[in-house]
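So the chains spell out like this:
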Amino acid sequence: MAAIRRAIGSERGTALVTALIMLTVMGFFLIGFQGLNNTELSFAGYARNNTLAFNVAEAGIQEGIKRLNMSGAVPGSTCFANSLTSGATCSGSTSNPNTNTVAFQAAMSNNANMFPVLSLATTNGEARAVRIFVQAVFKSGFNTVMFGPQINFQGDTSPTTGDTYSASGLTFQTYGKSPAPDPSATAMNLISPQVMAGTFITCHGMGGCPGNITVECSSGSETEVAPTNCPRGAAPVNWHPQTPVGMAAADFATVANWCPGHSCGTLGITISQATQNSTNLTYTPVSYTPSYWSHGGWNNEVLLIATTAPFCVDSTLQVVTVPPCVGAGVYYAGTAGPTQPQRFVDWGLVSDDQSRATSTLFFQPSTCSTCNNGSPNGKPNGIRYIPLIPALNVLGMACTVNIASPGVSAFYNTSGDGLTCPNPPIQAGSGTFTGTKAAPEFLAIDNGPPGGSQVTLSSSGSATGCSDNFNNANWGVIVATGDINLQNFTFNGYIYTDGNVYSHGHVLVRGGILSSQSSQDQIDTLGTLQFCGGNAVLPLVPQFYNFTQVSWEDRPGGQQ
Amino acid sequence: MTILELMVVMIILSIALDAMFSLLLASYKAYWKGDVATQVQQGGRIALTRMIRDVRAGRRLVTGVTRTVGSTSVNFNTSCTQVSTVQPHLGNITLSDGSSIYAPDANATGTIPYDGYDVTYYLAATNNSTTPNTSGPYLIRASYDIVANTITVSNVAANITSLNLSSGGSCITTASREFTMLVTASQTQTGQGVSSQIVIKDDVTLRNQ
């Protein structure tokens, strides 16, 4: 018993020690469990922040699309901070943008109208990126062309590389200074610059001027639909008089179906089978679903519609009427009239105006692989069509349209009508255009009706020629209600007016010069004109383009 | 110290130890329960995230397409329990400012197809299997590189026991563009007597259609 007492006496405190050990072990377990919870919490936090960053990046893309459709953009230059974030700034480089910004990256090297939009976002250290590709498509009637109801080239236009469209006639005062065709151009392989007119092309002066040309090609035929060598042998292959004005597919079918049972002749409309090299053109197979036209006698024929007067087509009611057009009626051949020469309205089977490349099927088998040096179905060997450009509401845009930020919106009023705008847009005090590539300008000019007050535009930018990158030229959009005069002007963008366009001195423009469809309007160049075509990066503005998203990509964080 | 005192100490210590061990065992079980729950959640979350990411980037859904490379053959179908998409071709694209990006080749022509990959997700009974099994537990991602003519089969998660893909209350078809993905993840920890199950649901839309 004494030994037990001694033993117990010497183990005094053992219970406490045991309890403490157990508590310590249990504490380790609790710490481990807490660590596990913290890890899970951390994972959940990462996932949450990652999702939030992705949502912000997607919102940036949506904001970019909205801005694009409101104000346009210059690919490779335009950038903005995502409105859902704060404190973000653009890096100055769209190829390496900052986080929480949206950059309109440079256009693809082989397609100036397709460009990526990259949106980067970071939430609590978690980065996400979304990139889309956007295709800009010209609104029907607009293009990177010089377009005017009548065009008169008085000066030197030999440096011109872009296409020229005239809804009516086109005159070269000096044949030797007209745009020369590309050396590789052939009648079946059309290459810019092309000179196209709805009625005739004429020239004067020395150097083999073929004179007034009113037919497209051989045998004096007016039903030929693709350029072939004219009998005179002197017309350059890039000249195409009597080029059709494009019709919507439904409207073309309506005319083709309606005319046989009605008096289309009283409307000035004639329909004939198109030819090439004086051979009637047919198309196989005969029947399509849906059928192109109900008039069975024309099945298998490629048709050509011409007119000497304006007319209206209502494809819903399937009728053709005399203007003014009512209801859903569409107005065609607006610049023609009883005193005007015959105009070609359209040709072919029914094909949507935006997919004219399929016109190759009219002349080549669908299986051809190297047709006219093109592939897989050859190049369009039909003539290009001249669209009727739609009229823009210049005054409607004067106080409401902003160009992409950063950019400048300006309003210049010389009409005395008292119209003013809040700032922005700024009130321009002169005709000096100041927009640059980094900050393009949208200039609206209110100078009254065509034929009245003339605004002379000069620029501060510089470019050396069509091969220049135009980075130092003036960039933007100019719209006017009346006549404008380009004086020693270097410009990258679009010029649109309801009136006439004149030019003096050395004018270098890449983009579009567009005079609306009033038959009295003209583009008259007196000095040296370099109108540049090609695959150029231009300010992509919603007034001239529709935008379509063509791809979407969820980029991993850090991989732009 | 008397025997009585010793007995009291022993009793008190037994009660304390019993309480402590009970707590310890509860903690131990909670640990495994938490561990299983974590694994299930991670599996379900990864499964849904991976599928959503691919479906978002898909151009369209496909079904009835069989791709065979060597001895590996995968059926790309679209149903209640399997989704198959066509992904855009990815390329190194040069931009007009000289920079290049790795992105869907939106302008692909000629020999490079715009379609780049067929990608499918399905459940399988065994690791990296090409034979679907609607009760899992393996979620398989199989992809076919159209340009390189190669097939890659890999596990995404190992505890997915059900996959339900529906649009408007019906199973998805190749006409579906927006649909609901419902993933069920389950797991039992052998020897510990604990199990966990979660159901995660999300909607997804094809963005490249």
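One structure accompanies this document, and this report is about it. Note that the coordinates shown come from a computational prediction; the quantities given were computed from them, not determined experimentally.

**Topic: the overall build of chain A**
Along chain A, the regular secondary structure elements total four helices and 32 strands. Long-range contacts, defined as pairs at least 24 residues apart, comprise 62% of the intrachain contacts of chain A with a sequence gap of at least 6. Carbon and sulfur atoms make up 54% of the accessible area of chain A, which amounts to about 22,500 Å² in all.

**Side note on the overall build of chain B**
Across its full length, chain B carries one helix and 13 strands. Sequence-ordered secondary structure for chain B, helices as α and strands as β, is α-β-β-β-β-β-β-β-β-β-β-β-β-β. Taken over C-alpha atoms, the radius of gyration comes to 26 Å for chain B, far larger than the 17 Å a tight globule of 209 residues would show. Its C-alpha atoms give chain B principal-axis dimensions of about 100 × 45 × 35 Å. Summarising the internal contacts of chain B: among those between residues at least 6 apart in sequence, 58% fall at separations of at least 24. For chain B, the exposed surface amounts to about 10,100 Å²; the carbon and sulfur share of it is 54%. With 13 positive and 12 negative side-chain charges, chain B shows a separation of 6 Å between the mean positions of the two kinds.

**Some words on the nonpolar core**
Residues and elements named next belong to chain A. Counting 56 residues, the largest nonpolar core has V479, Y496, F544 and Y545 as its most contacted members. Residues within four places of F544 in sequence aside, it is in contact with V137, F138, K139, F142, L392, V477, Y494, Y496 and L514. M146, F172, V195 and L443 belong to the second largest nonpolar core, which has 33 residues in total.

**Details of the packing of aromatic side chains**
If you walk through the whole model with that rule in mind, you get 15 aromatic pairs over all chains. For the pair Y494 of chain A and Y545 of chain A, a centre-to-centre distance of 5.9 Å together with 75° between the ring planes defines the contact as edge-to-face. Here the residue Y494 of chain A occupies a position in strand 27 (residues 490–497), and Y545 of chain A occupies one in strand 32 (residues 545–555), the gap between them amounting to 51 residues. For Y545 of chain A, a relative accessible area of 1% corresponds to the buried category. Judged by centre distance (6.4 Å) and plane angle (85°), the ring pair of Y28 of chain B and W32 of chain B falls under edge-to-face. In this pair, Y28 of chain B and W32 of chain B are both assigned in helix 1 (residues 3–57), four residues apart and thus about one turn of the helix distant. On the basis of relative accessible area, W32 of chain B is assigned to the buried category, the value being 18%. In textbook terms, an aromatic cluster arises when at least three aromatic residues are bridged by ring pairs, as seen for F138, F142, Y494, F544, Y545 and F547 of chain A. Above the face of the F80 of chain A ring, R67 of chain A is positioned so that its terminal group lies 4.0 Å from the ring centre. Sitting over the face of the ring of W552 of chain A, R207 of chain B holds its NZ or CZ atom 4.9 Å from the ring centroid.

**Re the sheet that holds strand 9 (residues 150–157) of chain B**
Residue and element names in this part refer to chain B. Within the open sheet, the five strands sit side by side as 1-4-7-8-9. Their pairing is antiparallel. Pairing within the sheet leaves two strands with one partner each, and these edge strands are strand 1 (60–61) and strand 9. The strands touched by helix 1 are strand 4 (83–88), strand 7 (115–124), strand 8 (138–145) and strand 9; relative to strand 4, the strand with the most contacts, the crossing angle is about 50°.

**What about the layout of surface pockets?**
A water-sized probe rolled over the atoms picks out the places where empty space is left. Roughly 650 Å³ of volume is contained in the second largest pocket. In this structure, the second largest pocket is lined by 25 residues; those nearest its centre are A47, N50 and T51 of chain A together with R45 and T49 of chain B. If you list the elements that add at least two residues to the lining of the second largest pocket, you get helix 2 (14–71) and strand 4 (126–138) of chain A together with helix 1 and strand 13 (194–205) of chain B. If you tally residues by element for the lining of the second largest pocket, the top one is helix 1 of chain B, at ten residues. In the lining of the second largest pocket, the residues fall into ten nonpolar, seven polar and eight charged.

**Here's the deal with the interface of chain B and chain A**
Between chain B and chain A, the residue contacts involve 38 residues of the former and 40 residues of the latter. Surface buried jointly by chain B and chain A totals about 3,200 Å² across both partners, of which 66% is contributed by carbon and sulfur atoms. In this assembly, chain B and chain A are joined by two salt bridges. For R53 of chain B, the salt bridge goes to D554 of chain A, with nearest N and O atoms at 3.2 Å. At the junction of chain B with chain A, the criterion picks out six residue pairs in polar contact (both at pLDDT 80 or more). Listing elements by their share of the side of chain B that touches chain A, those giving two or more residues are helix 1, strand 5 (90–94) and strand 6 (100–104) of chain B. In terms of residue count, the dominant contributor to the side of chain B that touches chain A is helix 1 of chain B (20 residues).

**Some points on the state of the cysteines**
Residue and element names in this part refer to chain A. Throughout the structure, instances matching the rule amount to five disulfides over all chains. Paired by a disulfide, C259 and C264 hold their sulfur atoms 1.7 Å apart. The chirality of the disulfide connecting C259 with C264 is left-handed, given an S-S dihedral of about -80°. Relative accessible area serves as the criterion here: at 6%, C264 is assigned to the buried category. For C466, the disulfide goes to C532, at an S-S distance of 2.0 Å. Its S-S torsion of approximately -85° makes the covalent link between C466 and C532 left-handed. One end of the pair, C466, is in the loop between strand 24 (454–459) and strand 25 (474–480); the other, C532, is in strand 31 (residues 528–532), with 66 residues separating them in the sequence. Classification of C532 as buried rests on a relative accessible area of 2%.

**Quick notes on the pattern of salt bridges**
Evaluated as defined, the whole model comprises ten salt bridges over all chains. We note a salt bridge from E553 of chain A to R555 of chain A, for which the minimum N-O separation is 2.7 Å. A single salt-bridge network, built from bridges that share partners, covers R128 and D554 of chain A together with R53 of chain B.

**Section: unusual backbone geometry**
In this structure, the amide linkage connecting P323 of chain A to the following residue, P324 of chain A, adopts the cis form with an omega of 5°. Relative to the helices and strands, P324 of chain A resides in the loop between strand 17 (319–321) and strand 18 (330–332). The linkage connecting G136 of chain B with the following residue, P137 of chain B, adopts the cis geometry, with an omega of 10°. We note that N149 of chain B has phi near 55°; this positive angle belongs to a residue other than glycine. Examined against the element boundaries, N149 of chain B turns out to sit in the loop between strand 8 and strand 9. Its relative accessible area of 39% is what places N149 of chain B among the partly exposed residues.

**What about the sheet that holds strand 1 (residues 79–81) of chain A?**
Residues and elements named next belong to chain A. Read from one edge of the open sheet, five strands run 1-2-3-4-32, paired in antiparallel fashion. Each edge of the open sheet carries a strand with a single partner, namely strand 1 and strand 32. Here the average twist between neighbouring strands, direction ignored, is 20°. Two elements, strand 2 (residues 101–104) and strand 3 (residues 114–123), share three bridges in a ladder whose sense is antiparallel.

What counts, and at which threshold
- Residues numbered from 1 in each chain as written.
- Chains lettered and ligands numbered in written order.
- Predicted model: local features only at pLDDT ≥ 70, side-chain atom pairs only at ≥ 80, totals over all residues.
- Heavy atoms only, no water.
- Helix = DSSP H or I, 4+ residues; strand = E, 2+ residues; numbered from the N terminus.
- Contact = heavy atoms within 4.5 Å.
- Areas by Shrake-Rupley, 256 points an atom, 1.4 Å probe, with all protein chains shown as cover.
- Rg over C-alpha atoms; globule rule 2.2 N^0.38 Å.
- Lys, Arg positive; Asp, Glu negative; His and termini not counted.
- Charge placed at Lys NZ, Arg CZ, Asp CG, Glu CD.
- Core = buried A, V, L, I, M, F, W, Y, C linked by side-chain atoms within 4.5 Å.
- Buried < 20%, exposed > 50% of the residue type's maximum accessible area, 1.4 Å probe, protein only.
- Phe/Tyr/Trp six-rings, centres within 6.5 Å; stacked < 30°, edge-to-face > 60°.
- Lys NZ or Arg CZ within 6 Å of the ring centre and 35° of its normal.
- Pairing = 2+ DSSP bridges.
- Axes fitted to C-alpha atoms, helices over the stretch in contact; angles between N-to-C directions.
- 1 Å grid on protein atoms, 1.4 Å probe; cavity = no way out; pocket = protein on both sides within 12 Å on 5 of 7 lines; lining within 4 Å.
- Points joined across faces, edges and corners; volume = space filled by probe spheres on them.
- Nonpolar A, V, L, I, M, F, W, Y, C, P; charged D, E, K, R; others polar.
- Buried area = accessible area lost by both parts, 1.4 Å probe.
- Salt bridge = Lys/Arg side-chain N within 4 Å of Asp/Glu carboxyl O.
- Polar contact = N/O pair within 3.5 Å; in protein donor to acceptor, adjacent residues only side chain to side chain.
- Disulfide = S-S within 2.5 Å.

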